[in-house]
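Analysis of the macromolecular model
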Amino acid sequence: MTTTTEDPSPSIFRYVIGFLLIGLAWGFTTPFIRRAAVSHKPPPHPILSTPAVERSWVKRKVYGTFFGVTDLLRNWRYALPLVINLTGSVWFFLLIGKAELSLTVPITNSLAFLFTVLGEWYVEKKVISRDTWIGMTLSLVGIALCVHSKSR
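In this report, the structure presented in the accompanying data block is examined.

Parameters and conventions
All residue numbers refer to positions counted from 1 along the written sequence of the respective chain. Residue-level local features of this predicted model are given only where pLDDT is at least 70; pairs of side-chain atoms are given and counted only at 80 or more, and the full residue set underlies all totals for whole chains, interfaces and linings. Excluded from the side-chain calculations are hydrogens and water; all other atoms, namely the structure's heavy atoms, are used. Working definition of a nonpolar core: buried Ala, Val, Leu, Ile, Met, Phe, Trp, Tyr and Cys residues. They are joined through side-chain atoms within 4.5 Å. To sort residues, take the accessible area from a 1.4 Å probe on protein chains only and compare it with the maximum for the residue type: under 20% means buried, over 50% means exposed, and anything in between is partly exposed. Elements are defined by DSSP. Helices are runs of H or I of four residues or more, strands are runs of E of two residues or more, and each kind is numbered from the N terminus. In what follows, residue pairs with any heavy atoms lying within 4.5 Å of each other are defined as contacts. Pairs were defined over the aromatic rings of Phe, Tyr and Trp, the Trp ring being its six-membered one, requiring ring centres within 6.5 Å. Orientation was assigned from the angle between planes: stacked under 30 degrees, edge-to-face over 60, tilted for the rest. As a reminder, the over-ring test applies to NZ of lysine and CZ of arginine, requiring each to be within 6 Å of the ring centre and within 35 degrees of the ring normal.

**What about the nonpolar core?**
Burial of nonpolar side chains together is a common tendency in soluble globular proteins. Within the largest apolar cluster, 17 residues are counted, with the highest numbers of intra-cluster contacts made by Phe19, Leu95, Ile107 and Leu111. Put simply, the parts of the chain that give this core at least two residues each are α1 (12–28), α5 (76–96), α6 (101–124) and α7 (130–150). Ranked by residue count, the leading element in this core is α6, at seven residues. When residues no more than four places from it in sequence are discounted, the contact partners of phenylalanine 19 are Leu95, Ala99, Thr104, Ile107, Thr108 and Leu111.

**Let's talk about the packing of aromatic side chains**
The relation between two aromatic rings is expressed through the spacing of the ring centres and the mutual angle of the planes. Using the criterion set out here, one finds seven aromatic pairs in the structure. Measuring from centroid to centroid gives 6.5 Å for tyrosine 15 and phenylalanine 19, while their planes differ by 20°, and the two rings are stacked. Placement of the pair is tyrosine 15 and phenylalanine 19 together in helix α1, with a separation of four residues, close to one helical turn. Under the relative-accessibility criterion, phenylalanine 19 is labelled buried at 11%. Consider the rings of phenylalanine 32 and tyrosine 122, whose centres lie 6.3 Å apart with planes at 45°: the pair is tilted. Of this pair, phenylalanine 32 sits in helix α2 (residues 30–38) while tyrosine 122 sits in helix α6, and the two are 90 residues apart along the sequence. Overall, tyrosine 122 belongs to the partly exposed group, its relative accessible area being 46%. Through pairs of rings, three or more aromatic residues link up here, namely Phe28, Phe32 and Tyr122. We note lysine 125 situated over the ring of tyrosine 122; from NZ or CZ to the ring centre the distance is 5.4 Å.

In structure tokens form, the structure reads like this:
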């Protein structure tokens, strides 16, 4: 005789924390990634000036892409927020296995937008306009309506 045991559903508190962490990881890190990419000054790579690379379109693209990616990843100001951002994607993948998809996607994307605005305010000292505050409020109201409609 086999008994089947269902995994207990996580509490709503755990879902809320998951949504917030994903939104924070996706949204708040984006201004840090942008700032690092804008201020990035890659070192020269002499191999890109060799005749063999300059003659070949494929070699130019492959070497250029390789050095572009490795130079950015060596910059901790870019790599650290990128790793946190990608960690949010892993959390999202884990969360959609448990939470309802029609709630998870709009909630996490809306929270990412909200945290991006707050991140720009923090990193770039951008002033948050009245219209943006209204949009952020409407996003939160929309999230609340989605959650309310599913809880009936």
